[in-house]
Amino acid sequence: MLVGLDVDGVVADFLRPFLRFIEKQTGCGPIDSETLTDLSFKGHPVVTDAVIEESLAALSQDLTFWHRLDPLLTPSEWESVEVLSRGRQLVFITHRHGRDGYDVRQVTSDWLKKHGISRPVVHCTQDYKSKLVESLGVDVFVDDRYENCQDVAEKTRAAVFMPHRRYNESFAHPRVKRIQNLHELMDQLK
């Protein structure tokens, strides 16, 4: 069995540091992550599509941002993920992208190693994640973004799990199972 885990929003806390980054870029006041009900920021008074695009472009120039992210997993969850990794039953699938001269795949691997994953296998894509899930033969896929969960649920045979987050709580799909943490996923895998 091969498990595919998203990185940002599943094992790494991307949202809060990204919001702080946007605050610095725009000079706006604090943006509370708990007020977000959708990661597309539709209708948000400050975080427009243009602000997101500009912030992501600026972020790709910040060589330390990805290194500084805090983990979302508990130590015992990291241990369970490492067991899968050592058994070559785990891949990380992310939409992260870097720039010329900056290998975001390597930066992601280094971050995962720092948190106890001895041999991380990281795949970065700008395409639909379903294409990568299908081509790798992923059996179980975990992502926090409902768009990715829906894509994989509708276009692959993989079982799809979505960690519960404020910004994805209104999403429901018959092939996407909600989990509160990775312990629930590990229980399902047994």
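Check the entry above for the structure.
This structure is a prediction, so every number in the text was calculated from the model and none was measured. (Residues numbered from 1 in each chain as written. Predicted model: local features only at pLDDT ≥ 70, side-chain atom pairs only at ≥ 80, totals over all residues. Heavy atoms only, no water.)

A. Broad picture of the overall build of the protein chain. Counting its secondary structure elements, the protein chain contains seven helices and eight strands. The C-alpha atoms of the protein chain give a radius of gyration of 16 Å, which matches the 16 Å a tight globule of 190 residues would have. If you line up the protein chain on its principal axes, its C-alpha atoms span 50 × 35 × 30 Å. Expressed as a percentage of its 190 residues, the buried residues of the protein chain come to 49%. (Helix = DSSP H or I, 4+ residues; strand = E, 2+ residues; numbered from the N terminus. Rg over C-alpha atoms; globule rule 2.2 N^0.38 Å. Buried < 20%, exposed > 50% of the residue type's maximum accessible area, 1.4 Å probe, protein only.)

B. A look at the nonpolar core. Ranked by internal contacts, the top residues of the largest apolar core, which has 45 residues, are Leu5, Val11, Trp66, Val81, Phe92, Leu112 and Leu185. For this core, the secondary structure elements donating two or more residues are β1 (3-5), α1 (15-26), α2 (49-59), α3 (75-86), β4 (90-94), α4 (104-114), β6 (140-142) and α7 (182-189). When residues in this core are grouped by element, the largest group, five residues, is from α1. Counting 15 residues, the second largest nonpolar core, distinct from the first, contains Val91, Cys149, Ala158 and Val176. (Core = buried A, V, L, I, M, F, W, Y, C linked by side-chain atoms within 4.5 Å.)

C. Here's a closer look at the sheet that holds strand β5 (residues 122-124). Taken in spatial order, the six strands of this open sheet run β5-β4-β1-β6-β7-β8, and their pairing is parallel. The open sheet has two edge strands with one neighbour each: β5 and β8 (176-179). For this sheet the average axis-to-axis angle between neighbouring strands, irrespective of direction, equals 25°. Across three bridges, β6 lies against strand β7 (residues 159-163) in parallel orientation. By the bridge assignment, Phe141 is partnered in β7 with Val160. Along the sheet, α3 contacts β1 and β4; its crossing angle with β4, the most-contacted strand, is approximately 110°. This element, helix α6 (residues 146-155), spans β6, β7 and β8 of the sheet and lies at about 170° to β7. (Pairing = 2+ DSSP bridges. Axes fitted to C-alpha atoms, helices over the stretch in contact; angles between N-to-C directions. Contact = heavy atoms within 4.5 Å.)

D. Up close: the packing of helix α5 (residues 129-136) against α6. Between α5 and α6, whose axes approach to 8 Å, the crossing angle comes to 45°. Taken together, α5 and α6 sit at an angle that is classed as oblique. In this structure, α5 crosses over α6, and the sense of that crossing is right-handed. On α6, the residues touching Lys129, Ser130, Val133 and Glu134 of α5 are Asn148, Asp151, Val152 and Lys155. Looking at the contact of α5 with α6 residue by residue, the class counts come to two nonpolar, two polar and four charged. (Parallel < 35°, antiparallel > 145°, perpendicular 65-115°, else oblique. Left-handed = near helix turned anticlockwise from the far one by under 90°. Nonpolar A, V, L, I, M, F, W, Y, C, P; charged D, E, K, R; others polar.)

E. Representation of the pattern of salt bridges. Applying the stated criterion across every chain, the model contains 12 salt bridges. Across the salt bridge formed by Glu147 and Arg145, the nearest N and O atoms sit 3.3 Å from each other. In this structure, the salt-bridge partner of Asp151 is Lys155, at a minimum N-O distance of 3.3 Å. A residue pair is termed a helical-turn pair when its members lie 3 or 4 positions apart in one helix, as Asp151 and Lys155 do in helix α6 at four residues. Classification of Asp151 by relative accessible area gives buried; the value is 7%. (Salt bridge = Lys/Arg side-chain N within 4 Å of Asp/Glu carboxyl O.)

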